[in-house]
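Spelled out from the first residue to the last, the chains are:
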Amino acid sequence: MPIRIPRGWELPESAASPEHLVLGRRRGLQLGLGGLIGGALGLPATAALAQGAMSAARNDRFVPGRDLSPERDVTSYNNYYEFGSSKSISAAAQRLPMKPWTVKIEGLVEKPMELDLDGLLKQVTLEERVLRHRCVEAWAMTAPWTGFPVAQLMKIAAPLGSAKYVVFETLADRATMPGLRQSWYPWPYSDGCTIAEANNELCFMAVGLFGKPVPAQNGGPMRILFPWKYGFKSSKSISRIRFVEQRPVGYWEKLQEAEYGFWANVNPEVPHPRWSQASERLLGSNERVPTKLFNGYGEFVAGLYTGLQGERLYA
Ligand SMILES: Nc1nc2c(c(=O)[nH]1)N[C@H]1C(S)=C(S)[C@@H](COP(=O)(O)O)O[C@H]1N2
Ligand SMILES: [Mo]
């Protein structure tokens, strides 16, 4: 089947995004929000939910070393191909049916299960983390996410010893996602990681953003975050989690294997075949900053890759 390649990802973001979309945006609130939403500090997840907020005490182990990106930019400049291949899908994404939300856990597990999100949130401990995000297109943002370590979900899922990888799959809803009519894309969107990566303390399942439930356009009601990998690894609106023995092939790898691989760890010294990865543009500004190995999270994750030098770790 011939694959039609849309222009949007033929170009690095610096070329794909007209500057007028970026220029003139207010810098917005640059302060950390942790103190402000600390009103919910210590409240159990259910209490925070009842108030229509999604907040928790901040875990300061992962200091971002950067200002927060303006909330307005974080929630209006998105990649979510189910709703279209431009960055302006936030209005279209509001049709995503987020309530009720269920997540299937299947494959190589002791007992397949279907969890409803509210029930799942009663079984985990929420925290807030301010995390950097680096898109393969060379833009980056810093945002406060509320959620729980994926390691907590791994305990609930109870994978069998034969499981080597875990796949995080996005809902595919033809009724509300116009992108699904583009049949050359390999829907549903999914991507995966090793069991060790999922259990790494940095691997995070987000249900809140800026102290509120994750909006649809950012992958609500629940999306994964691999802050040390290029953004395409971080599947949005997760409705299935599957444990498998063979290395899974993600959405972008299926489309363009030569350019998007399984590991996709951020590395400024390994260029994308069509552009440099040495620097990145900060969302909400025109500032470019140098890119860091593992997006600056090497102290937490570099150990996952010792002994894997033969692998294509950085694409
Ligand atoms: N289901 C789904 N998940 C996805 C994508 C997508 O198109 N569909 N895009 C990925 C890419 S390329 C990036 S950079 C991030 C963007 O997340 P954000 O919109 O919250 O910044 O989501 C990732 N997860
Ligand atoms: Mo991305």
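Here the structure is a predicted model, which is why all the values come from computation and not from measurement. (Residues numbered from 1 in each chain as written. Chains lettered and ligands numbered in written order. Predicted model: local features only at pLDDT ≥ 70, side-chain atom pairs only at ≥ 80, totals over all residues. Heavy atoms only, no water.)

## A word on the pairing of strand S10 (residues 238-244)
- Within S10, five of the seven residues are buried, which leaves it mostly tucked inside the rest of the structure.
- Sheet topology note: the strand S1 (residues 102-107)/S10 ladder contains four bridges and is parallel. Counted as the bridge partner of Lys 104 is Arg 240 from S10.
- Two elements, strand S5 (residues 165-170) and S10, share six bridges in a ladder whose sense is antiparallel. Residue pairing in the sheet places Val 166 in a bridge with Phe 243 of S10. (Buried < 20%, exposed > 50% of the residue type's maximum accessible area, 1.4 Å probe, protein only. Helix = DSSP H or I, 4+ residues; strand = E, 2+ residues; numbered from the N terminus. Pairing = 2+ DSSP bridges.)

## Thoughts on the nonpolar core
- If you look at the biggest cluster of nonpolar residues, it comprises 87 residues, and the most contacted ones within it are Trp 145, Phe 148, Phe 168, Met 205, Ile 241 and Phe 243.
- Excluding its chain neighbours within four sequence positions, the residues that come into contact with Phe 243 are Ile 105, Glu 106, Gly 107, Leu 108, Val 109, Met 154, Ala 157, Pro 159, Ala 163, Tyr 165, Val 166 and Ile 195. (Core = buried A, V, L, I, M, F, W, Y, C linked by side-chain atoms within 4.5 Å. Contact = heavy atoms within 4.5 Å.)

## Re the pattern of salt bridges
- Scanning the entire structure with this criterion turns up 17 salt bridges.
- Salt-bridge contacts for Arg 61 lead to Glu 201; the nearest nitrogen and oxygen are separated by 2.7 Å. One end of the pair, Arg 61, is in the loop between helix H3 (45-50) and helix H4 (71-74); the other, Glu 201, is in the loop between helix H8 (195-199) and strand S7 (204-209), with 140 residues separating them in the sequence.
- Classification of Arg 61 by relative accessible area gives partly exposed; the value is 47%. (Salt bridge = Lys/Arg side-chain N within 4 Å of Asp/Glu carboxyl O.)

## Structural notes on helix H7 (residues 150-157)
- Within H7, six of the eight residues are buried, which leaves the element mostly enclosed by the surrounding structure.
- When H7 is considered as a whole, its buried residues turn out to be Val 150, Ala 151, Leu 153, Met 154, Ile 156 and Ala 157.

## Some remarks on the packing of aromatic side chains
- Counted by the stated rule, this structure contains 20 aromatic pairs.
- Consider the rings of Trp 263 and Tyr 305, whose centres lie 5.6 Å apart with planes at 90°: the pair is edge-to-face. Of this pair, Trp 263 sits in the loop between helix H9 (251-255) and strand S11 (279-282) while Tyr 305 is found in the segment after helix H10 (298-301), placing the two residues 42 residues apart along the sequence. Neither residue differs from the other here; Trp 263 and Tyr 305 are each classed as buried.
- An angle of 15° between the planes, with centres 5.6 Å apart, marks the rings of Phe 294 and Tyr 305 as stacked. Of this pair, Phe 294 sits in the loop between strand S12 (288-290) and H10 while Tyr 305 sits in the segment after H10, and the two are 11 residues apart along the sequence.
- A relative accessible area of 4% places Phe 294 in the buried class.
- For Tyr 305, a relative accessible area of 3% corresponds to the buried category.
- Here the aromatic cluster, defined as three or more aromatic residues joined through ring pairs, consists of Tyr 81, Trp 184, Tyr 185, Trp 187, Tyr 189, Phe 232, Tyr 251, Trp 252 and Tyr 260.
- We note Arg 132 situated over the ring of Tyr 297; from NZ or CZ to the ring centre the distance is 4.2 Å.
- Stacked on the ring of Tyr 77, the Lys or Arg Arg 281 has its end atom at 5.7 Å from the ring centre. (Phe/Tyr/Trp six-rings, centres within 6.5 Å; stacked < 30°, edge-to-face > 60°. Lys NZ or Arg CZ within 6 Å of the ring centre and 35° of its normal.)

## Describing the sheet that holds S5
- Here we have five strands laid out as an open sheet, ordered S2-S1-S10-S5-S6, and mixed in their pairing. If you trace the sheet from one side to the other, it starts and ends with strand S2 (113-116) and strand S6 (190-194), each paired once. Each adjacent strand pair in this sheet contributes to an overall mean axis angle of 20°, direction not counted. (Axes fitted to C-alpha atoms, helices over the stretch in contact; angles between N-to-C directions.)

## Focus: unusual backbone geometry
- In this structure, the amide linkage connecting Trp 187 to the following residue, Pro 188, adopts the cis form with an omega of -5°.
- Considering the arrangement of structural elements, one finds Pro 188 in the loop between S5 and S6.
- Residue Pro 221 is bonded to the preceding Gly 220 through a cis peptide linkage, with omega at 0°.
- Structurally, Pro 221 can be placed in the loop between strand S8 (212-213) and strand S9 (223-225).

## Focus on the site of ligand 1
- Taken together, 19 residues form the shell around ligand 1, and within it Tyr 81, Glu 82, Thr 170, Ser 234 and Lys 236 come nearest.
- Arg 223 places a polar side-chain atom, nitrogen or oxygen, 3.0 Å from an oxygen atom of ligand 1.
- The backbone of Ser 234 places a nitrogen or oxygen atom 2.8 Å from a nitrogen atom of ligand 1.
- In the complex, 99% of the free accessible area of ligand 1, which totals 540 Å², lies under the protein chains.
- Residues belonging to the shell around ligand 1 are distributed by class as follows: seven nonpolar, nine polar and three charged. (Near = heavy atom within 4 Å. Polar contact = N/O pair within 3.5 Å; in protein donor to acceptor, adjacent residues only side chain to side chain. Areas by Shrake-Rupley, 256 points an atom, 1.4 Å probe, with all protein chains shown as cover. Nonpolar A, V, L, I, M, F, W, Y, C, P; charged D, E, K, R; others polar.)

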